[in-house]
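Now for the letters of each chain:
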2 protein chains.
Amino acid sequence: MKSETRQEEIIRVAAKLFKEKGYSAVTMRDLAKVMGIKAASLYNHIKSKQDILKTIIISLAEEFTEGMQLIQSSNDNCIDKLNKIIELHVKISSQNIYGMASLNNDWMHLEEKLGYYQKLRSDYENDFRSILNAGIASGEIVNVKPDVMMFSILTTLRSLYIWIPKKDDIDLNDLTNTLSHILINGINK
Amino acid sequence: MKSETRQEEIIRVAAKLFKEKGYSAVTMRDLAKVMGIKAASLYNHIKSKQDILKTIIISLAEEFTEGMQLIQSSNDNCIDKLNKIIELHVKISSQNIYGMASLNNDWMHLEEKLGYYQKLRSDYENDFRSILNAGIASGEIVNVKPDVMMFSILTTLRSLYIWIPKKDDIDLNDLTNTLSHILINGINK
DNA sequence: AAACGAAACTAACAGTTGTTAGTTAACATG
DNA sequence: CATGTTAACTAACAACTGTTAGTTTCGTTT
């Protein structure tokens, strides 16, 4: 278990603050105060405020991209792929509660890396869409507006970072299974 | 059709900017520039930046509260109530695309009205939860973790403001029906 | 014509913003 | 012991923040 560098600590604390108030509302002096140092001292470890945000968001986005590539290139059927996507989101979200808030809410402040982020996101959504379309074609899932299906499922998964922390002592396997059931079979008896 | 006051116009434009960049990242000079006037002139029409946010969020939150009260006091069964909730969200969200972004992302900057907003929101969620619990008790819907069910449905509905504008020429009745089908019956064939 | 109100303006404020430069103290390495 | 590195510090910057005060412009009402 190699311990956290000071830089990693700053980024972790920043992500927490970004989640609570949003990127723009967090000042370098806020961040410094929580770290117990002066704002100027932060710059011994990080390049800029921008760069903290970039690090948080891009690393997460790439993690999702890699996970999706693995899933899509497998030989699973549609439902199994969807279950793996749910599992992927539960895993990454539960391990990056704070970072997920920036990914969802502060991506528009990325500046130079904005285009790259947007490409990753649209690639991800295209992969998702093609899984659904394959499922419709094979008769595995119902044929009703894949766009709405994707919006509904993906929105739920993207918001896990809000919901997970509200439940303490949550079992992640349990959550994955429950989500899988609800998202795929609905709530009707 | 009574036309918009200058104050209402400012609030509408502000909501649009808040959606694009978030409340904290929008300056009064940004807002003034879009309005075609100087920042100081805004104060002939509005009290403060804070007050713009408060107006946007509280009026929307109250609209949801009123809608929910009507639904909950009806004699409908659980599924019908859920369908009315879906309809409520589609209606309010489609009519307040920009304001919904503030409601979802900038409520933490409300300051004095924060407590009131949080009360409205938790009342709304409690009503939602009790509808689900009644549905489980009566055997209308499946008995799997109402909290996860609520999270999934409510998250999807709360994010409609992101998704609706991406689709032009969308039929709102159509959307309501499709959402109802997907959220209640799932996607499994 | 005179007075009024609405809505714009200019100028300025006090505080905050991200960031840089230069310095110092503690500690590890030669 | 001397040296170098790390990570903190103080001081300062230029730009930007929300907001106020006081003034001007102009169409409407008396």
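Not measured: the values here are computed from a predicted model.

Asks: Can you lay out the overall build of chain A for me, pointing to particular residues and giving the numbers?
Replies: Scanning chain A from N- to C-terminus turns up 10 helices and zero strands. Reading chain A from its N end, one meets helices and strands in the order α-α-α-α-α-α-α-α-α-α. A separation of at least 24 residues holds for 69% of the contacts in chain A among residues at least 6 apart in sequence. As displayed, chain A has an accessible area near 9,400 Å², and 49% of this comes from carbon and sulfur atoms. Seen as two clouds, the 24 positive and the 24 negative side-chain charges of chain A have centres 6 Å apart.

Asks: Tell me about empty space enclosed by the protein, and name the residues and values.
Replies: Under the counting rule described, the total for this entry stands at three cavities of 30 Å³ or more. Roughly 60 Å³ of volume is contained in the largest cavity. Forming the walls of the largest cavity are Ser-152, Ile-153, Ile-182 and Leu-183 of chain A together with Ser-152, Ile-153, Ile-182 and Leu-183 of chain B. When contributions to the lining of the largest cavity are tallied by element, the ones reaching two or more residues are α8 (146-158) and α10 (172-185) of chain A together with α8 (146-158) and α10 (172-185) of chain B. By residue class, the composition of the lining of the largest cavity is six nonpolar, two polar and no charged.

Asks: I'd love a proper account of the side chain of Lys-81 of chain B, names of residues and values included.
Replies: Structurally, Lys-81 of chain B can be placed in helix α5 (residues 78-95). Setting aside chain neighbours within four positions, we find Lys-81 of chain B in contact with Ile-71, Gln-72, Ser-74, Asp-76 and Ile-131 of chain B.

Asks: Residue-level account of the relation of the copies chain B and chain A, with values.
Replies: Superposition of chain B onto chain A requires a rotation of 180° combined with a translation of 0.0 Å along the rotation axis, giving an RMSD of 0.0 Å. The symmetry that links the two subunits is that of a two-fold axis. Rotation axis and chain B: the residue whose C-alpha lies nearest the axis is Gly-186 of chain B, separated from it by 1.9 Å. Most of the interface of chain B is mirrored in chain A, where 98% of its interface residues are also at the interface.

Asks: Can you lay out the interface of chain B and chain A for me, pointing to particular residues and giving the numbers?
Replies: The interface of chain B with chain A comprises 42 residues on the first partner and 41 residues on the second. Carbon and sulfur atoms supply 66% of the area buried between chain B and chain A, which totals about 3,600 Å² over both sides. The tally of links from chain B across to chain A stands at four salt bridges. Notably, a salt bridge pairs Lys-167 of chain B with Asp-147 of chain A, separated by 2.5 Å at the nearest N-O pair. Joining chain B to chain A, the criterion identifies 17 residue pairs in polar contact (both at pLDDT 80 or more). Those elements giving two or more residues to the side of chain B that touches chain A turn out to be α1 (6-21), α5, α8, α9 (160-163) and α10 of chain B.

Asks: Could you give me a rundown of helix α4 (residues 49-72) of chain A, with the residues and numbers involved?
Replies: The end-to-end C-alpha distance of α4 of chain A is 35 Å, a good match for the 34 Å that 24 residues give at a rise of 1.5 Å each. With a side-chain oxygen lying 3.1 Å from the backbone nitrogen of Asp-51 of chain A, the N-terminal cap of α4 of chain A falls on Ser-48 of chain A.

Asks: Could you give me a rundown of the nonpolar core, with the residues and numbers involved?
Replies: Counting 130 residues, the largest nonpolar core has Phe-128, Leu-179 and Ile-187 of chain A together with Phe-128 and Leu-179 of chain B as the members making the most contacts within it. Residues within four places of Phe-128 of chain B in sequence aside, it is in contact with Met-68, Leu-82, Ile-85, Met-150, Ile-153 and Leu-154 of chain B.

Asks: Outline the packing of aromatic side chains, listing residues and values.
Replies: Within this structure, the stated rule accounts for eight aromatic pairs over all chains. Both rings, one in Phe-18 of chain A and one in Tyr-23 of chain A, keep their centres 5.2 Å apart while their planes meet at 75°; by these two values the pair is edge-to-face. You can call Phe-18 of chain A buried: its relative accessible area is 3%. Seen in terms of ring centroids, Phe-64 of chain B and Tyr-124 of chain B are 6.0 Å apart; in terms of plane orientation they differ by 85°. Their pairing is edge-to-face. In this pair, Phe-64 of chain B is assigned in helix α4 (residues 49-72) and Tyr-124 of chain B in helix α7 (residues 114-137), connecting sequence segments 60 residues apart. The two residues Phe-64 of chain B and Tyr-124 of chain B agree in class, both being buried. Lying over the aromatic face of Tyr-23 of chain A, Lys-49 of chain A brings its terminal NZ or CZ to 4.4 Å of the ring centre. Just above the ring of Trp-107 of chain A sits the side chain of Arg-121 of chain A; from NZ or CZ to the centre is 4.6 Å.

Asks: Account for the packing of α4 of chain A against helix α5 (residues 78-95) of chain A, with residues named and values stated.
Replies: Residues and elements named next belong to chain A. Where α4 meets α5, the closest approach of the two axes is 10 Å, and the angle between their N-to-C directions is 160°. Taken together, the axes of α4 and α5 are roughly antiparallel relative to one another. You can see that α4 and α5 cross each other, and the crossing is right-handed. On the side of α4, the interface is formed by Leu-60, Glu-63, Phe-64, Gly-67, Met-68, Ile-71 and Gln-72, while α5 contributes Lys-81, Lys-84, Ile-85, Leu-88, His-89 and Ile-92. Among the residues forming the contact of α4 with α5, the class breakdown is seven nonpolar, three polar and three charged.

Basis of the calculations
Residues numbered from 1 in each chain as written. Chains lettered and ligands numbered in written order. Predicted model: local features only at pLDDT ≥ 70, side-chain atom pairs only at ≥ 80, totals over all residues. Heavy atoms only, no water. Helix = DSSP H or I, 4+ residues; strand = E, 2+ residues; numbered from the N terminus. Contact = heavy atoms within 4.5 Å. Areas by Shrake-Rupley, 256 points an atom, 1.4 Å probe, with all protein chains shown as cover. Lys, Arg positive; Asp, Glu negative; His and termini not counted. Charge placed at Lys NZ, Arg CZ, Asp CG, Glu CD. 1 Å grid on protein atoms, 1.4 Å probe; cavity = no way out; pocket = protein on both sides within 12 Å on 5 of 7 lines; lining within 4 Å. Points joined across faces, edges and corners; volume = space filled by probe spheres on them. Nonpolar A, V, L, I, M, F, W, Y, C, P; charged D, E, K, R; others polar. Least-squares fit on C-alpha atoms with pLDDT ≥ 70 in both. Buried area = accessible area lost by both parts, 1.4 Å probe. Salt bridge = Lys/Arg side-chain N within 4 Å of Asp/Glu carboxyl O. Polar contact = N/O pair within 3.5 Å; in protein donor to acceptor, adjacent residues only side chain to side chain. Expected span 1.5 Å × (residues − 1). Core = buried A, V, L, I, M, F, W, Y, C linked by side-chain atoms within 4.5 Å. Buried < 20%, exposed > 50% of the residue type's maximum accessible area, 1.4 Å probe, protein only. Phe/Tyr/Trp six-rings, centres within 6.5 Å; stacked < 30°, edge-to-face > 60°. Lys NZ or Arg CZ within 6 Å of the ring centre and 35° of its normal. Axes fitted to C-alpha atoms, helices over the stretch in contact; angles between N-to-C directions. Parallel < 35°, antiparallel > 145°, perpendicular 65-115°, else oblique. Left-handed = near helix turned anticlockwise from the far one by under 90°.

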